[in-house]
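Notes for the structure review
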Amino acid sequence: MGHADRWQELERVLSGATDKPHVILLGGHPDPDSIGSALAHKRLCERLGVSATIAHVLPISRAENRAMVKLLNVPMVKMTDSDDLETFGYLSLVDASQSEQTIKVPESLQLLTVVDHHRPAAIPKAPFVDIRHDVGATATIYAEYSERGLVPFSANGNDDSVVATAMFFGIQTDTDDFAFATPNDFRAAAYLKQFSDAETLSRVGRRTLTAEAMEAVGSALRDLEVVRDFAIAGVGRISAINRDAIPMAADYILRREDIDTVVVYGIVEDRIDGSLRTRRASVDPAAFMQNAFGDDSQGRPYGGGRADMGGFRVPLGMVAETDDEETLWALVKDIVRQRVARVVPDLDKSDKRKGD
Ligand SMILES: [Mn+2]
């Protein structure tokens, strides 16, 4: 329905913005889908005569994603403050519909394109917006543009193999190894596979864990609290670089047969960082997050989600400055449990609660 000619519009918008350099700013911690989509977007820009830089603010947190960037030699620049963005005229977002909130986007930087598969808090205003929910990955949308006619991939085209390999891996990881892939994802993967490098794909796909991430999964299991089919677990403090151990622990706990929804949280730098995973159709992660954590003072939700997963980030403010880690963690635990109990009332009565 109406997607067939989107590529022509994207071509028109990109071709009409050749006067200033573009930046593709990745939101959150870059993952294979955002990296693959950024490479796809950069490739389109370059073939249409536009220079584009892939940038990120937060570190690449999973060991396997760092391996992917290294193996594919992905050109990415780490931005530390908004001055770094001053040299660019146009902003493109891939796999996100809001620009990364930990960096201030200069007024002079114009949002040009948004391509994403997540449910947006608000529909972004930009000359080109393509947000779809019938795909499991943003890379699927970019593959479709090329398959339909926008700079099609070719077997001997420059770095086409690197880009196709990254995009394929993005679809693979975002769909949980195709378990949650839609017909569109399979179609895109089939298209990209012919241009991908099988050897690189198999090396990139090898999942590795850092010691700290494995330790965090252990902490989550020790802390696990189960209320009927709901589970909650804290991992304590975790370094920003291993932040993805939190969703990783949530994925792992969800494998337990009697649990269908899980929240795992920890302290990352100066904030509470948490992930929700669910198998139950009646649980809407976005609504769960909204009901539990609400909005910040600027009306932005602390959490969000899509069909089967969600996350939240709550800044600790000055409280984070304490040297008393033990008290801080007890406080964080108490806050998260109280908030989650708004949605899972029985959590309030469960025995693990301090002082019961
Ligand atoms: Mn994605």
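In what follows, the accompanying structure is described. (Residues numbered from 1 in each chain as written. Predicted model: local features only at pLDDT ≥ 70, side-chain atom pairs only at ≥ 80, totals over all residues. Heavy atoms only, no water.)

**What to know about the overall build of the chain**
What counts, and what does not: In this description a helix means any DSSP run of H or I spanning at least four residues, a strand means any run of E spanning at least two, and both kinds are numbered starting from the N terminus. C-alpha atoms define the radius of gyration, and 2.2 Å times the number of residues to the power 0.38 defines the globule rule. The rule is simple: take the accessible area with a 1.4 Å probe, protein chains only, and divide by the maximum for that residue type; under 20% is buried, over 50% is exposed, in between is partly exposed. It only takes one pair of heavy atoms within 4.5 Å for two residues to be counted as in contact. Areas reported as accessible are Shrake-Rupley estimates using a 1.4 Å probe. Residue values count occlusion only from the protein chains shown. All tallies of charge rest on Lys and Arg as positive and Asp and Glu as negative; His and the ends of each chain are not included. Positions of charges follow a simple convention, taking NZ of Lys, CZ of Arg, CG of Asp or CD of Glu.
Within the chain, the secondary structure is distributed over 11 helices and 12 strands. Relative to the 2.2 N^0.38 estimate, which gives 21 Å for 356 residues, the radius of gyration of the chain is 21 Å and therefore close to what a compact globule would have. Judged by the C-alpha coordinates and their principal axes, the chain covers about 65 × 40 × 40 Å. Taken across its 356 residues, the chain has 54% of its residues classed as buried. Contacts in the chain between residues far apart in sequence, at least 24 positions, make up 64% of those at least 6 positions apart. In the structure as shown, the chain presents an accessible area of about 16,300 Å², 50% of it carried by carbon and sulfur atoms. Here the chain contributes 41 positive and 55 negative side-chain charges, whose respective centroids are spaced 2 Å apart.

**Regarding the packing of helix H4 (residues 138–148) against helix H6 (residues 183–193)**
Counted only if it meets this: Note on method: axes are straight lines fitted to C-alpha atoms, helices fitted across the in-contact stretch only, with angles between N-to-C directions ranging 0 to 180 degrees. Note on angle classes: values under 35 degrees are labelled roughly parallel, values over 145 roughly antiparallel, values of 65 to 115 roughly perpendicular, and the remainder oblique. Left-handed describes a crossing whose near helix is turned anticlockwise from the far helix through less than a right angle; right-handed describes the clockwise counterpart. Residue classes follow a fixed rule: Ala, Val, Leu, Ile, Met, Phe, Trp, Tyr, Cys and Pro count as nonpolar, while Asp, Glu, Lys and Arg count as charged, and any other residue, Gly among them, counts as polar.
Remark: H4 packs on H6, axes separated minimally by 9 Å, with the N-to-C direction vectors making an angle of 60°. Comparing the axis directions of H4 and H6 gives the class oblique. Both H4 and H6 take part in a crossing whose hand is left-handed. Facing Thr 140, Ala 143, Ser 146 and Glu 147 of H4, the residues of H6 in contact are Asn 184, Asp 185, Arg 187, Ala 188, Tyr 191 and Leu 192. Classifying every residue of the contact of H4 with H6 gives 4 nonpolar, 3 polar and 3 charged.

**Here's the deal with a nonpolar patch on the surface**
The condition that has to hold: Exposure above 30% relative accessible area and no salt bridge define the residues that can form patches, which grow by joining like charges within 9 Å and nonpolar side chains of Val, Leu, Ile, Met, Phe, Trp and Tyr within 5 Å. Salt bridges, as used here, are contacts in which a Lys or Arg side-chain nitrogen is within 4 Å of a carboxyl oxygen on Asp or Glu.
A surface patch of nonpolar side chains, amounting to about 220 Å² of accessible area, comprises Val 319, Leu 331 and Ile 335. Relative to the elements of secondary structure, Val 319 occurs in the loop between strand E12 (309–315) and helix H11 (325–340).

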